[in-house]
Amino acid sequence: MCRFVVYKGTSPVELSHLLTRPCHSIINQAFDSRLRLDRRRPMNGDGFGVGWYDSIYDEESYQPCIFTSITPAWNNVNLVRLAEKIKSPLVFGHVRATTAGSLSLDNCHPFVHGRLMFMHNGGIAEFPLVKRKLQADLPDVAFNKVQGNTDSEWAFALFLSKLPDPNAKSFTTSMLRDAMFRTIASLNDYAEEAGITEPSLMNFCVTDGETVIATRYISSKTDEAASLWFSSGTTFSEFGGGGHYKMSKADKRENIIMIASEPLTFERADWMEIKTNNMVVVTPKMNLLQIPIVDKFYVPPSDPASLTRTTEFAREKGLLVPRNVEAMEEQEVKA
């Protein structure tokens, strides 16, 4: 189980305002995760990655820059130095806790193909049982892209195979959205064919530098997916010192949209929880849409079962599931 954060804004942000300075920044989440499903192992110290796009848009060469390391994020001085100097209108940040694959640079998120970036929080259940079938279904362009040995990177390869042309210089929002729907559907089909009953956690996030697609998903009708939140407004700034940030809303415009495994702040009004088995789409014009992923695991909000997701799987695994920002705040007070 990993943690990730996404920033998309009309103006570039200094990376430190996402990665290092907030009191619950992605670096702090690396050693002090509050909302992980597995509370017995709250460390995300198996490497990290940051991806960003240059502030100057050029369709011919608009590809992301990537910085990864297998050191813990909290102990990498180069990350701190770079975060204080780099600005970007679209940023991916990821801290890793190994569930599949070795500790290596090739396995650090985000993964990249052309102008696309992809990252994952969760795990494909019993992945060795579906790996060969998944690989056999991939075209060469997707199969040959994989450098590491994680289920996450193979999921990215599967996503690439669902695009009309993964090498295209531009993608429409509908192309990326539909490819994500089809990726999740294929992974569920593979699991069903292999007789796998354990749920897969598929919090995926992909961007082409303009559109962002993120999912909060679990292949179960009763269990809760890994946490995912969003915040939007006109400015995200520090107040009062000590890493305390807040999202301000000066008007109805959305100049900033952030998506994160855990809120970067303890300002409860700033963050909204993304519903289980939903997709979030951030369009190039900064519109944010929540779309249900309607399949056999979807539970509509009108169903009382949607309010009681979690418990059985969590109890079986010895897991504790804090469901909201209040749980984070309680832990903050105790700390």
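Since we're looking at a predicted model, the values are computed, not measured.

### Structural notes on the nonpolar core
Ranked by size, the top nonpolar core spans 37 residues in total, and within it F118, L134, F159, L163, M180, L187 and F204 carry the most contacts. At the level of elements, β6 (116-123), α4 (128-136), α6 (151-161), α7 (173-193), β7 (201-207) and β14 (278-282) are the ones that each hand at least two residues to this core. Apart from the residues within four sequence positions on either side, F118 is in contact with F92, P110, F111, S152, A155, F156, M180, F204, C205 and V206.

### Some details on the pattern of salt bridges
Counted under the stated rule, the structure contains eight salt bridges. Between K133 and D137 there is a salt bridge, with its nearest N and O atoms 3.7 Å apart. Each of R216, E224 and E273 takes part in one network of salt bridges that share partners.

### Some remarks on the pairing of strand β4 (residues 87-95)
Most of β4 is tucked away: eight of the nine residues are buried. When strand β1 (residues 3-14) meets β4, the two strands line up antiparallel, connected through eight bridges. Across the sheet, residue F4 finds its bridge partner in β4, namely H94.

### Describing the sheet that holds β14
The strand order across the open sheet formed by six strands is β5-β6-β7-β8-β14-β15, and the pairing between neighbours is antiparallel. In this open sheet, the two strands that pair with only one neighbour each are β5 (111-113) and β15 (288-292). When the angles between neighbouring strand axes are averaged without regard to direction, this sheet yields 20°. Alignment of β14 against β15, held across five bridges, turns out to be antiparallel. If you follow M279 over to β15, its bridge partner there is I291. Packing of α6 onto the sheet brings it into contact with β5, β6 and β7, and relative to β6 it is tilted by some 130°. Strands in contact with α7 are β6, β7, β8 (212-216), β14 and β15; relative to β7, the strand with the most contacts, it is inclined by about 155°.

### Quick notes on the packing of aromatic side chains
All chains considered together, the criterion is met by six aromatic pairs. A ring pair is formed by F48 and F67, whose centres lie 5.7 Å apart and whose planes are at 70°; its orientation type is edge-to-face. Of this pair, F48 sits in strand β2 (residues 48-52) while F67 sits in strand β3 (residues 65-69), and the two are 19 residues apart along the sequence. The two residues F48 and F67 agree in class, both being buried. Ring geometry for F118 against F204: centres 5.4 Å apart, planes inclined by 40°, an arrangement best described as tilted.

### Brief notes about the pairing of β2
Burial analysis of β2 places five of its five residues in the buried class, which makes it a mostly covered element. Across the two faces of β2 the burial is the same, with F48, V50 and W52 and G49 and G51 all buried. As paired elements, β2 and β3 share five bridges and run antiparallel to each other. Each residue of the ladder has a partner; that of G49, found in β3, is T68. Of the pairings in the sheet, the one linking β2 to β4 comprises five bridges and is antiparallel in character.

### A short note on the sheet that holds strand β13 (residues 272-273)
Within the open sheet, the seven strands sit side by side as β3-β2-β4-β1-β12-β9-β13. Their pairing is antiparallel. Looking along the sheet, the strands with just one partner apiece sit at the ends: β3 and β13.

### Here we look at α6
Across the eleven residues that make up α6, a large majority, ten, are buried. Among all positions of α6, only D151, S152, E153, W154, A155, F156, A157, L158, F159 and L160 are buried. Looking at the buried positions of α6, the neighbouring elements they touch are β5, β6, α4, α5 (140-143), α7 and β7.

### Quick look at α4
Taken together, the buried positions of α4 are V130, L134 and Q135. Buried residues of α4, viewed axially, fall in a sector of 135°; they line one side. Exposed residues pointing more than 90 degrees away from the buried face of α4 are listed as P128, L129, R132 and A136. For α4, the elements touching its buried residues are α5, α6 and α7.

### So, the packing of α4 against α7
Interaxial distance between α4 and α7 falls to 9 Å at its minimum, and their mutual angle equals 125°. Judged by the inter-axis angle, α4 sits oblique to α7. For the element pair α4 and α7, the recorded crossing hand is right-handed. Of the residues in α7, those touching α4 at V130, K133 and L134 are L187, Y190, A191 and E193.

Rules of the game
Residues numbered from 1 in each chain as written. Predicted model: local features only at pLDDT ≥ 70, side-chain atom pairs only at ≥ 80, totals over all residues. Heavy atoms only, no water. Core = buried A, V, L, I, M, F, W, Y, C linked by side-chain atoms within 4.5 Å. Buried < 20%, exposed > 50% of the residue type's maximum accessible area, 1.4 Å probe, protein only. Helix = DSSP H or I, 4+ residues; strand = E, 2+ residues; numbered from the N terminus. Contact = heavy atoms within 4.5 Å. Salt bridge = Lys/Arg side-chain N within 4 Å of Asp/Glu carboxyl O. Pairing = 2+ DSSP bridges. Axes fitted to C-alpha atoms, helices over the stretch in contact; angles between N-to-C directions. Phe/Tyr/Trp six-rings, centres within 6.5 Å; stacked < 30°, edge-to-face > 60°. Arc of directions from axis to C-beta. Parallel < 35°, antiparallel > 145°, perpendicular 65-115°, else oblique. Left-handed = near helix turned anticlockwise from the far one by under 90°.

As far as function goes, none of this settles anything; it's purely spatial.
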